[in-house]
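# Chains, contacts and geometry: an overview
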Amino acid sequence: MKLTIDDLTTRAHCIATDKGWWNEEPNIPEKLALIHSEISEALEEYRQDRMDPYVVDGKPEGFAAELADVVIRIADLCGYLEIDLADVIATKMKHNETRPYRHGGKRA
């Protein structure tokens with residue numbers, strides 16, 4: 001199933017809401033920490049050279065699955081905050097096209 005960014009933010013937030021992750025007043029720093037934890041999980045999958053998807057007890061695992069979790073958590077947060085993620089991404093990408101090569105010699 002292919003999703004637009006708008007569909008992704010709506011669906012991710014609806015699923016999270018249905019599963020009870022927004023029952024209490026949101027703690028945005030905690031939500032950001034959870035996004036970071038998914039990035040850390042992706043790093044560990046990469047470090048273990050588990051790039052290809054695999055399944056454990058019916059749950060998708062691996063580097064790509066952890067990156068998907070990052071995107072899902074970001075989409076969920078944007079859905080809650082009513083951020084038009086598609087528009088913000090398009091604006092940022094347009095700006096990034098104007099930036100100098102490697103931003104003046106930065107390493108990463």
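Residues numbered from 1 in each chain as written. Predicted model: local features only at pLDDT ≥ 70, side-chain atom pairs only at ≥ 80, totals over all residues. Heavy atoms only, no water.

## Some remarks on the side chain of D76
For the record, the criterion: Secondary structure elements follow DSSP: runs of H or I no shorter than four residues count as helices, runs of E no shorter than two count as strands, and numbering proceeds from the N terminus. Burial here depends on accessible area, computed with a 1.4 Å probe over protein chains only, as a share of the maximum for the residue type. Under 20% is buried, over 50% is exposed, and the range in between is partly exposed. Working convention for charge: Lys and Arg count positive, Asp and Glu count negative, and His plus the chain ends are omitted. We define a salt bridge as a contact between a side-chain nitrogen of Lys or Arg and a carboxyl oxygen of Asp or Glu at a distance within 4 Å. In this analysis, two residues are considered to be in contact whenever any of their non-hydrogen atoms come within 4.5 Å of each other.
Along the chain, the position of D76 falls in helix α3 (residues 63-81). Buried D76, no salt bridge; nearest opposite-charge side chain is K31, N-O distance 5.0 Å. Contacts of D76, omitting those with residues within four sequence positions, involve A12, H13, A16 and W22.

## Comments concerning α3
We apply this condition: Here, expected helix span is obtained from the residue count minus one, scaled by 1.5 Å.
Compared with the 27 Å implied by 1.5 Å per residue over 19 residues, the 27 Å span of α3 between its first and last C-alpha is a close match. Among all positions in α3, only A65, E66, V70, A75, D76, L77 and C78 are buried. Where α3 terminates, the next one or two residues include E82, which has phi positive at roughly 55°.

## Quick word on the packing of aromatic side chains
How two aromatic rings sit relative to each other is set out by the distance from centre to centre and by the angle between their planes. Quick note on the threshold: Aromatic pairs are defined between Phe, Tyr and Trp rings, using the six-membered ring for Trp, whenever the two ring centres lie within 6.5 Å; interplanar angles under 30 degrees are classed as stacked, those over 60 as edge-to-face, and all others as tilted. Lysine and arginine charges are scored as sitting over a ring when NZ or CZ, respectively, is within 6 Å of the ring centre and within 35 degrees of the ring normal.
If you walk through the whole model with that rule in mind, you get two aromatic pairs. Between the aromatic rings of W22 and Y80, the centroid separation amounts to 4.2 Å while the plane-to-plane angle is 10°, which identifies the pairing as stacked. Of the two residues, W22 is situated in the loop between α1 (5-18) and α2 (28-47) and Y80 in helix α3; the sequence distance between them amounts to 58 residues. By relative accessible area, W22 is classed as buried at 11%. Residue Y80 is classed as partly exposed on the basis of its relative accessible area, which comes to 31%. Note on Y46 and F63: the rings are 5.9 Å apart at their centroids and 50° apart in plane angle, and the pair reads as tilted. Here F63 lies in helix α3 and Y46 lies in helix α2, a separation of 17 residues in the sequence. Here the guanidinium or amino end of K31 rests over the ring plane of W22, the centre of that ring lying 4.0 Å away.

## Things to note about the environment of E61
As a reminder of what qualifies: Two N or O atoms form a polar contact when they lie within 3.5 Å of each other; inside protein one atom must be a possible hydrogen donor and the other a possible acceptor, and for residues adjacent in sequence the pair counts only when both atoms belong to side chains.
Mapped onto the fold, E61 is located in strand β2 (residues 59-61). Once the C-alpha coordinates of E61 and M51 are considered, the two residues, 10 residues apart in sequence, prove to be 9.5 Å apart. E61 has contacts with E45, P53, Y54, V56 and E66, leaving out every residue within four places of it along the chain. There is a polar contact of 3.4 Å between the side chain of E61 and the side chain of K59.

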